[in-house]
Amino acid sequence: MKPVIHNFNAGPSVLPREVFEEASKAILNFNDTGLSILEIGHRTSLFQPVMDEARSLVKELMQLGDKHEVLFLHGGATTQFMQVPMNLLNENDIASYTETGTWAGKAIKEAKLYGHVEIAGSTKTDNYCSIPDELSVSPTAAYLHITTNETIAGTQWQAIPYDCGVPLVADMSSDILSRQLDFNRFDLIYAGAQKNMGAAGVNLVVVNKEILGKVDRTIPTILDYRNHISEGSMLNTPPVFAVYVVLLTLRWLKAKGGVAAIEKLNDEKATLFYNTLDSLPVFRGPVAKQDRSRMNAVFVMENPALENEFMELCKKENMIGIKGHRSVGGFRVSMYNALTIDSVKALTDLMKDFATKKG
Ligand SMILES: *Cc1c(COP(=O)(O)O)cnc(C)c1O
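Residues numbered from 1 in each chain as written. Predicted model: local features only at pLDDT ≥ 70, side-chain atom pairs only at ≥ 80, totals over all residues. Heavy atoms only, no water.

Caption draft 1: Highlighting the sheet that holds strand β11 (residues 283–284). Read from one edge of the open sheet, three strands run β11-β12-β14, paired in antiparallel fashion. In the strand order of this sheet, the two ends are held by β11 and β14 (331–334), each with one partner. Pairing between strand β12 (residues 296–301) and β14: four bridges, direction antiparallel. Paired with N296 across the two strands is S334, which belongs to β14. The strands touched by helix α7 (residues 258–279) within the sheet are β11, β12 and β14, with β12 carrying the most contacts at an inclination of about 15°. (Pairing = 2+ DSSP bridges. Helix = DSSP H or I, 4+ residues; strand = E, 2+ residues; numbered from the N terminus. Contact = heavy atoms within 4.5 Å. Axes fitted to C-alpha atoms, helices over the stretch in contact; angles between N-to-C directions.)

As structure tokens, this is what we get:
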């Protein structure tokens, strides 16, 4: 028997046990065909249904209308930092970006390669411990870009600026399908799969077709969203196994009751964690309370000299992945969809024990 491991990794991260089991079966004998999913053509009647079902489940779970297309692309969210402005921003135009942390910063850097960037709101001077209260978006901006959840800083947009007056683009890599949002009001959503919806190697892109085809530049074939749409997300060989793992995770999510049900569970986990954190003076959460992420919780110790001891204790109890990002320090616990409330309970119990001993 495998020991119980509480996996708080930030990404790649925990996925449902059922998904691992189904995925490993498919490597040896996919759908009782006697073939591995790794050795079949992507344009065959064996794989095509995988792509079709994955795309339609995204539509269903996000309740998307006809304008929105679902694509599974290579290159991770980092490729989208470049592909978004390449497809949406003319050289002499402005794109509006919110500057909320490491990931937003990387998106801004790439956008500057293709046009002008204005900062609609920034929390840099606050060490990215909050989300901007107000935004200033030029009415002529090609789009507004937000990072709905900053995986490293531990912040999350609670009120989405739907009414910004320009197309809305979002990096949802670390909170995709974790909460109910009005997904139809976004014009482009992208997310690397490895945080909350599957295996590394594939990227979800949801795009409103109507915003495409408006830039002057020549876009390389593989980077033009329109080509992927017209080829049904099979312009070239998709990352077949990673798409299959996404499909299994989407099926799991649907069986759980969909986004509404998982949101409720995610709220329970985050409430348990943050209530514990706030009740124990030895720990401190640096993020503004109203902007705290329900996916990635960042915390430190009032006495940093105790941090190693707490880390060792966590290791002993099979709690992994709680070390803070190297740029922030302290601790970070990621509570993605597949993390059970039992894991959060185990961690909060340990925090309480530790606080009692040190208090
Ligand atoms: C992890 C992450 C990325 C980078 O994703 P890759 O798939 O590694 O390129 C981008 N944005 C956010 C918010 C992330 O959490």
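Alright, that's what it looks like, and here's the rest.
Caption draft 2: Spotlight on the site of the ligand. Near the ligand lie 13 residues; those nearest to it are T78, T151, D171, Q194 and K195. Interatomic distance of 2.6 Å between a side-chain N/O atom of K195 and an oxygen atom of the ligand. If the ligand stood free it would expose 390 Å²; the protein chains cover 87% of that surface. Among the elements that make up the shell around the ligand, the one with the highest residue count is helix α3 (residues 76–88) (four residues). (Near = heavy atom within 4 Å. Polar contact = N/O pair within 3.5 Å; in protein donor to acceptor, adjacent residues only side chain to side chain. Areas by Shrake-Rupley, 256 points an atom, 1.4 Å probe, with all protein chains shown as cover.)

Caption draft 3: How the structure looks around the environment of D187. Locating D187 in the fold gives a position in the loop between β8 (168–171) and β9 (188–192). On the accessibility criterion, D187 (15% relative accessible area) is buried. Sequence separation between D187 and S56 is 131 residues, and the spatial gap between their C-alpha atoms is 18 Å. Other than its neighbours up to four places away in sequence, D187 contacts H68, P167, L168, V206, V207, N208 and I211. (Buried < 20%, exposed > 50% of the residue type's maximum accessible area, 1.4 Å probe, protein only.)

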